[in-house]
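In case you want the letters, here they are:
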Amino acid sequence: MSSETALAAGQRARGLAPFLRSQMRNIAPFLTLIFLSGFFAFASPSFATLDNLGNILTQVSVTGIIAVGLTFVILCAEIDLSIASIANVTGIAVAYFTLQESYVNIANIPLPGAVAIILSILLCALLGLVNALGLTVIGIPSFIMTLAMMQIAAGISALLVRGQIAYKVPSLITTLGSGSIGGIPWIVIVAAIMLLGGHLVLTYTRFGRYVYMVGGNREAAEYAGLNVKLILGAVMIISAVCSGIGGMLGVAHFGSAQQNEFDTYLLDSIAAVVVGGTSLFGGRGGIGNTIVGLFVLGVLNNGLDHVNIDSFLKILIRGLILLAALVINVYAQRLREKAVE
């Protein structure tokens, strides 16, 4: 090899290293997904099948719907801890406004299906508006504001069902939550549409660019004339509405509406966004990262079931993977800050 060729190769290597460091947040989740898929396909013959792929897609659908709105929030360098409780109260509300069977001991208010759906969406939007006002008008940090909303929404859920279980929801919600078309579950289609819609908004609209600007550098966004408070308030409402839609379809998918039904979805949704590579510091990532994160979690949970891992160990493994994602997230942020300097 001539000295010129060696010099050129060295320059390419030096040029590639900064690129790999800058893209570590995106590359690591994808490599994790490939590794997990290969491992479980080798460990269990029943894992790598089309039927099981359908199972994975169905299993992550509710999480995916909720994670769409949470992606907007985290891109703005905020957090929403109320997503699971809002999903739960919205699912309970749509059942509360639906005529139940005589054996269901709930003093509810039966309404036409369309009215029940609209009122339930208005409820989750209202809760999101309260989050938005607390964050932007009063100045309560999103962590504390949404922590309070988590309790408020849980309290509303308890008041509506009082420890009982409701089963019926409007026919449209039943179809979208538990029906299928051409062998494809409607809930998978709804999740795909919402993920695609979120991606298009973030990538091709002015509002999406504003979200990245606010998350990337809030002071610069203010100097550029953006109404930062309006953007922050909007993403909190978007998060609540996405959670509400996930809650309604989730109730139909599970076949019942009850207290604490969606508690695990708080960690799952945050993990999907963060494991996928969206920066906790805002301004980096997007729906594409969330989709990768959803598949990582889906493959992990499903694969562990196929190899019969102890359920308690399964929780530990999920926690370790989330911790690894957080470490990569923070490390990637430090590398970006050094590059700027």
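What counts, and where the lines are drawn
The numbers attached to residues start from 1 for each chain and follow its sequence in the written order. Local features in this predicted model are restricted to residues of pLDDT 70 or higher, and side-chain atom pairs are both shown and tallied only at a pLDDT of 80 or more, whereas totals for entire chains, interfaces and linings draw on every residue. Here the side-chain values reflect all heavy atoms present in the structure, with hydrogen atoms and water set aside. Helical segments are the DSSP runs of H or I of at least four residues, strand segments are the runs of E of at least two, and each set is numbered from the N terminus. For the exposure calls, accessible area comes from a 1.4 Å probe over protein chains only, and a residue counts as buried if that area is under 20% of its type's maximum, exposed if over 50%, partly exposed in between. When checking whether two residues touch, look at their non-hydrogen atoms; a contact exists if any pair is within 4.5 Å. All accessibility values rest on the Shrake-Rupley procedure with a 1.4 Å probe; residue burial counts only the protein chains present in the view. N or O atoms closer than or at 3.5 Å make up a polar contact, with two conditions inside protein: a donor-capable atom paired with an acceptor-capable one, and, for residues adjacent in sequence, both atoms drawn from side chains. In this scheme, a helix's expected span is set at 1.5 Å multiplied by one less than its residue total. One axis is fitted to the seven residues ending at the residue and one to the seven starting there. The bend at that residue is the angle between these axes. Pairing of aromatic side chains requires ring centres within 6.5 Å, counting the rings of Phe and Tyr and the six-membered ring of Trp. Pairs whose planes differ by under 30 degrees are stacked, by over 60 edge-to-face, and all others tilted. UniProt positions are given in the numbering used here, feature names are shortened, and annotations may be inferred rather than shown by experiment. Orientation is described by lines fitted to C-alpha atoms, with helices fitted over the stretch in contact, and by angles between N-to-C directions that extend from 0 to 180 degrees. If an angle is under 35 degrees, it is roughly parallel; if it is over 145, roughly antiparallel; if it lies from 65 to 115, roughly perpendicular; otherwise it is oblique. Exposure above 30% relative accessible area and the absence of a salt bridge qualify a residue for a patch, where like charges join within 9 Å and nonpolar side chains (Val, Leu, Ile, Met, Phe, Trp, Tyr) within 5 Å. Just to be clear on terms, a salt bridge is a Lys or Arg side-chain nitrogen sitting within 4 Å of an Asp or Glu carboxyl oxygen. In this text, buried Ala, Val, Leu, Ile, Met, Phe, Trp, Tyr and Cys residues form a nonpolar core when linked through side-chain atoms within 4.5 Å. An arc is given here, and it is the one of the directions from the helix axis to the C-beta atoms. pLDDT measures the predictor's confidence residue by residue and takes values from 0 up to 100.

So, the overall build of the protein
Part 1 of the argument: Scanning the protein for helices and strands turns up 15 helices and two strands.
Part 2 of the argument: Relative to its 341 residues, the protein shows a buried fraction of 45%.
Part 3 of the argument: For the protein, the share of sequence-separated contacts (at least 6 apart) that also reach a separation of at least 24 residues comes to 76%.
Part 4 of the argument: Accessible area for the protein stands at about 16500 Å²; split by element, carbon and sulfur atoms hold 68% of it.

Some words on the side chain of N131
Part 1 of the argument: Along the chain, the position of N131 falls in helix α6 (residues 113-138).
Part 2 of the argument: On the basis of relative accessibility, which here comes to 0%, the residue N131 falls in the buried class.
Part 3 of the argument: Ignoring any residue separated from it by four or fewer positions in sequence, one finds N131 in contact with D80, S82, I86, M145, T146, M149 and M236.

Thoughts on the side chain of T278
Part 1 of the argument: In this structure, T278 sits in the loop between α13 (265-275) and α14 (287-306).
Part 2 of the argument: Looking at T278, its side chain comes within polar contact range of the main-chain nitrogen of G286, at 3.2 Å.

Topic: helix α4 (residues 61-75)
Part 1 of the argument: With 15 residues, α4 extends 21 Å from end C-alpha to end C-alpha; this agrees with the ideal 21 Å at 1.5 Å per step.
Part 2 of the argument: Remark: the principal bend of α4, roughly 30 degrees, maps to V68.
Part 3 of the argument: Remark: A77 follows α4 within two positions and exhibits a positive phi of approximately 65 degrees.

As for the packing of aromatic side chains
Part 1 of the argument: This model, assessed by the stated rule, comprises nine aromatic pairs.
Part 2 of the argument: Taking 5.7 Å as the distance between ring centres and 45 degrees as the angle between the ring planes, the aromatic pair formed by F40 and F47 counts as tilted. The two residues F40 and F47 agree in class, both being buried.
Part 3 of the argument: An aromatic cluster is defined as three or more aromatic residues linked by ring pairs; in this entry it consists of F35, F39, F40 and F47.

Observations concerning the UniProt feature "transmembrane region" (unreviewed entry) in the protein
Part 1 of the argument: Within the UniProt annotation, "transmembrane region" (unreviewed entry) is assigned to residues 30-50, 56-74, 81-99, 111-130, 142-163, 183-205, 226-250 and 312-332.
Part 2 of the argument: Structurally, residues 56-74 is divided into 95% helix and 0% strand, and its ends, taken at the C-alpha atoms, are 25 Å apart.

Here we look at the packing of helix α9 (residues 186-204) against α14
Part 1 of the argument: One can describe the packing of α9 onto α14 by two numbers: an axis separation of 9 Å at closest approach and a directional angle of 150 degrees. Between α9 and α14, the interaxial angle falls into the category roughly antiparallel. Across the interface between the two elements, L195, G198, H199 and L202 of α9 pack against I287, I291 and L294 of α14.

Quick look at a nonpolar patch on the surface
Part 1 of the argument: On the surface, a nonpolar cluster with roughly 480 Å² of combined accessible area is contributed by I109, L111, V115, I118, L119 and L122.
Part 2 of the argument: Mapped onto the elements, I118 comes out in helix α6.

Describing the nonpolar core
Part 1 of the argument: Counting residues in hydrophobic clusters, the biggest one holds 90 residues, and the most contacted among them are I173 and V211.
Part 2 of the argument: The leading source of residues in this core is helix α12 (residues 228-254), at eleven residues.
Part 3 of the argument: In contact with I173, not counting residues within four places along its chain, are V94, I117, M248, L249 and A252.

Looking at helix α3 (residues 50-59)
Part 1 of the argument: Every buried residue of α3 is listed here: N52, I56 and T58. For α3, the arc enclosing every buried residue in end-on projection is 165 degrees, short of the 170-degree limit, so these residues lie on one face.
Part 2 of the argument: Tucked inside the fold, the buried residues of α3 contact α4, β2 (184-185), α9, α12 and α14.

Here's the deal with the environment of A324
Part 1 of the argument: Summarising the element assignment, A324 is placed in helix α15 (residues 311-340).
Part 2 of the argument: Its relative accessible area of 38% is what places A324 among the partly exposed residues.
Part 3 of the argument: For the pair formed by A324 and V275, sequence separation is 49 residues and the distance between their alpha carbons is 8.3 Å.

What about the environment of K314?
Part 1 of the argument: Residue position: K314 is located in helix α15.
Part 2 of the argument: The spacing of K314 and L300 is 14 residues in sequence and 8.8 Å in space, taken between C-alpha atoms.
Part 3 of the argument: Those residues within four positions of K314 in sequence are excluded, and the remaining contacts are N301, L304, D305 and I309.

A word on the confidence of the model for the protein
Detailed reading of predicted coordinates is not advised where the pLDDT is low.
Part 1 of the argument: Averaged over all residues, the pLDDT of the protein is 88; the fraction at 70 or higher stands at 89%.
Part 2 of the argument: By mean pLDDT, helix α1 (residues 3-22) is the weakest element of the protein at 51, and α4 is the strongest at 97.
Part 3 of the argument: Confidence drops under pLDDT 50 across residues 6-10; counting only partners more than four residues distant or on other chains, this segment forms one contact.

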